[in-house]
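Read off the chains here:
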Amino acid sequence: MMRLKTIFFLFFLISISSCKKEPTTWITDWSIPLIKDTLTFDNWVDSGFVSVNTGQSLDITYKRELFSFDINEYVNIPDTTVEQNFVIPVPSIFASPGANFVNDVDEFTFDLDDVELRQVVVDAGLALVEIINPLDIPAIFNITLPGVEKDGNVFQTTETVPAMLNGVLGKKQFTIDFSGYTLDLTGELGNSFNKLQSIMQVSSSPDGPSTLITDTDIFTFTFSLSDIELSYARGYFGNLILEDAQNLDLDILNRITSGSIDVENVQIALTLENGIKAAGQAKINTISSFNSNQNTSVSLSNQDIGVLKNINPATGSWSTLTPSVTAYSFSSSNSNIEQFIENLGSQYTVDYAVELNPLGNTSGGFDEIFGNSKLALNLEATMPLQLGVNQLVFTDTLDFDFNQSTNQTKVIEGEIRVETQNSFPFSGQLIIGLLDENNVLLTTLSSAENIAEAYSTTTTISPVPLVENSLNYTLSNTQLQMLDKTKKIIYTAILDASAGGVQTVYADSQLIIDLFTNFNVQASF
């Protein structure tokens, strides 16, 4: 038997060597997995806005602070310099050692426009003090600010300022940390506002010489406040008007490019929180949704839009402060909220106006604002993921690279096969596009088969069923020649809910896509 095999092999070799040499060609079937992708609801909705309920159903929740003003944005003391000068009221006097020759009370007014402050507490800030001595002997300055206190102690400082030397005035500068000081701004008589009182007393040293003082000698005390931040203010805070149109760029449904959805039980709430003890009014002018893909705009309609609402003052103080809340609520029963959301807007605009003290000083100068006070407008939207979809389109793009040697191998016929596992309550088509390196669409492929829905019910399902489908895409000769130029594959899902009904989407819903090539390849060597 071994001898017979050896003879046959020698005969085969002789036969080959005696034939004319020709290229060897054969055809093989290739089935190659190319791409695996899993789509969850995160591919449609930014996962940062999705919350999972009991039973694994989903909600989209969006929260945003549209504006917020605290005490230092509403009430502030600008950087201010006040100067107290004193000149003796007679041509000259002779001051003996230890004599007190200046005792001057002055009052300064802060320029705060229509704001009338009676008392403030400083949270942070500095005061630069400069004292000028025009005498040829050292002078003792005693500075008191009667309305400025900390820990029950009135601000007072005694400073010895050096004598004038060679025509250069004597000077002393120092900085005071003003944190924690309370400023009484009611002035000398206690019935005014924005006024700060100061007392300057000057005497000669009891151990020094006598000196002559004339009416050309100017004693100066300068007090400069900078970077003052407040933790409390009382008074009349003026008429404040805030008007703005806040644009919110949202890509919550960021992969959906066309089609429509049907939603239920959507709620949007706007709340105006007033932590200031001052009354006001608010008006929501418009709330609109703009869909840039379809160039459509929908405005929210409700009986409260465009209507002035009163804002009550906050109550309590310090640790017991309770802000007032002015609420706007939009739901399916009182607005067109469903049509508003179904517009699939990527940009939302809230146009509002808020005014504090619209009727002027109705509190008699007893508006109050605290360190934890703020005036804020907040938006919160909640949408259960119970959707009805109609020709809803979403897309995704994946890298693809297929190189073949035109001299040795060539795909002569073939198809792309897509195996899907679907646990969404939607069915529809899956269209494949081939893109070149510049993202130019070379061709599109369609299948006669569709993706089947996993379920059709709004009742709770656990576990969510998984439905398998096989979709085939036959390539023409022209399309086969495009494979070498293809660098990306874009697939587009066009989905519908069963009979247009509203379906619940679950946290573990997914669409698994496996893409294979089934090619007949001709190889020549």
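Residues numbered from 1 in each chain as written. Predicted model: local features only at pLDDT ≥ 70, side-chain atom pairs only at ≥ 80, totals over all residues. Heavy atoms only, no water.

## Quick word on the overall build of the protein
Selection rule: Secondary structure follows DSSP: runs of H or I at least 4 residues long count as helices, runs of E at least 2 residues long count as strands, and numbering of each begins at the N terminus. Each residue's exposure class comes from its accessible area (1.4 Å probe, protein chains only) as a fraction of the maximum for that residue type: buried when under 20%, exposed when over 50%, partly exposed otherwise. In what follows, residue pairs with any heavy atoms lying within 4.5 Å of each other are defined as contacts. For accessible areas, the Shrake-Rupley method is used with a probe of radius 1.4 Å. Any residue's cover is judged against the shown protein chains and nothing else.
Tallying secondary structure elements over the protein gives four helices and 32 strands in all. Across the 525 residues in the protein, those meeting the buried criterion constitute 45%. Across the protein, the fraction of contacts at a sequence separation of at least 24, relative to all contacts at a separation of at least 6, is 86%. When the accessible surface of the protein is totalled, it reaches about 25,900 Å², and 49% of it is carbon and sulfur.

## Brief notes about the side chain of Arg118
We count it as follows: Neither His nor the chain termini are counted; the positive set is Lys and Arg, and the negative set is Asp and Glu. Put simply, a salt bridge is a Lys or Arg side-chain nitrogen that is within 4 Å of an Asp or Glu carboxyl oxygen.
Tracing the backbone through its elements, the reader meets Arg118 in strand β7 (residues 116–133). In this structure, Arg118 is buried with no salt-bridge partner, the nearest side chain bearing the opposite charge being Glu116 at 5.5 Å. Residues in contact with Arg118, not counting those within four places in the same chain, are Leu183, Asp184, Leu185, Thr186, Asn191, Ser192, Phe193, Arg234, Gly235, Gly364 and Gly365.

## Re the pairing of strand β18 (residues 280–291)
Quick note on the threshold: By definition, two strands form a pair when at least two bridges between them are found by DSSP.
Bridging between β18 and strand β20 (residues 309–311) involves three bridges; their strand directions are antiparallel. Looking at β20, one finds that Ala282 is bridged to Lys309. Looking at chain direction, β18 and strand β22 (residues 347–356) are connected through ten bridges and run antiparallel. Across the sheet, Ser288 pairs through a bridge with Thr349, a residue of β22. Taken together, the four bridges between β18 and strand β19 (residues 296–299) define a ladder with antiparallel strand orientation.

## A few points about the nonpolar core
In globular proteins that are soluble, nonpolar side chains generally tend to be buried together. To be explicit about the condition: Here the nonpolar core consists of buried residues drawn from Ala, Val, Leu, Ile, Met, Phe, Trp, Tyr and Cys, with membership extended through side-chain atoms lying within 4.5 Å.
Counting 84 residues, the largest nonpolar core has Leu117, Phe178, Phe219, Phe223 and Leu270 as its most contacted members. Ranked by the residues each element gives to this core, the list is headed by strand β14 (residues 219–236), at seven residues. Grouped together as the second largest cluster of nonpolar side chains are 32 residues, Phe400, Val418, Leu480 and Val505 included.

## Brief notes about the packing of aromatic side chains
Here a ring pair, both rings aromatic, is described through the centre-centre distance and the interplanar angle of the planes. Filter applied, for reference: Two aromatic rings, drawn from Phe, Tyr or Trp (for Trp, its six-membered ring), form a pair once their centres lie within 6.5 Å of each other, and the interplanar angle then sorts them: stacked below 30 degrees, edge-to-face above 60, tilted otherwise. Whether a charge sits over a ring comes down to the Lys NZ or Arg CZ being within 6 Å of the ring centre and within 35 degrees of the ring normal.
For the coordinates displayed, the defined rule picks out 15 aromatic pairs. Centroid distance Phe424 to Phe426: 6.3 Å. Interplanar angle 10°. Geometry classified as stacked. This pair shows no difference in class: Phe424 is buried, exactly as Phe426 is. Note that Lys309 overlies the ring of Tyr328, its terminal NZ or CZ placed 4.4 Å from the centroid. Over the aromatic face of Phe516 sits the side chain of Arg417, whose NZ or CZ is 4.5 Å from the ring centroid.

## A word on unusual backbone geometry
In the Ramachandran plot, Asp113 falls in the positive-phi region, its phi being about 55° despite a non-glycine side chain. The topology assignment puts Asp113 in the loop between β6 (100–109) and β7. For Asp113, a relative accessible area of 72% translates into the label exposed. For Asn295, which is not glycine, the phi torsion reads 55° and is therefore positive. The residue Asn295 is located in the loop between β18 and β19 in this model. By relative accessible area, which is 59% here, Asn295 ends up exposed.

## What to know about the side chain of Asp304
Put simply, the rule reads: The definition of a polar contact used here is a pair of N or O atoms within 3.5 Å, where within protein one atom must be able to donate a hydrogen and the other to accept one, and adjacent residues in sequence count solely through side-chain atom pairs.
Along the chain, Asp304 falls in the loop between β19 and β20. Of note is the side chain of Asp304, whose polar atom sits 3.5 Å from the side chain of Lys309. Setting aside chain neighbours within four positions, we find Asp304 in contact with Lys309 and Tyr328.

## Notes on the confidence of the model for the protein
Counted only if it meets this: Every residue gets a pLDDT, meaning the predictor's confidence in that residue, from 0 to 100.
Per-residue confidence for the protein averages 84 on the pLDDT scale, and 84% of its residues sit at or above 70. Low pLDDT (under 50) marks residues 1–21, which in the prediction has zero contacts with non-local residues, meaning those over four places away or in another chain.

## Here we look at the environment of Asn472
Within the secondary structure, Asn472 is located in strand β29 (residues 467–475). Considered as a pair, Asn472 and Glu415 are 57 residues apart in the sequence and their alpha carbons are 6.7 Å apart. Not counting chain neighbours up to four residues away, the residues in contact with Asn472 comprise Glu415, Ile416, Arg417, Ser446, Ser447, Ala448 and Glu449.

## Thoughts on the pattern of salt bridges
If you walk through the whole model with that rule in mind, you get seven salt bridges. When the shortest N-O distance is used, the salt bridge between Lys172 and Glu159 registers 2.8 Å. Within this pair, whereas Lys172 is found in strand β10 (residues 170–177), its partner Glu159 is found in strand β9 (residues 153–161), the two being separated by 13 residues in sequence. For Glu159, a relative accessible area of 13% gives the class buried.

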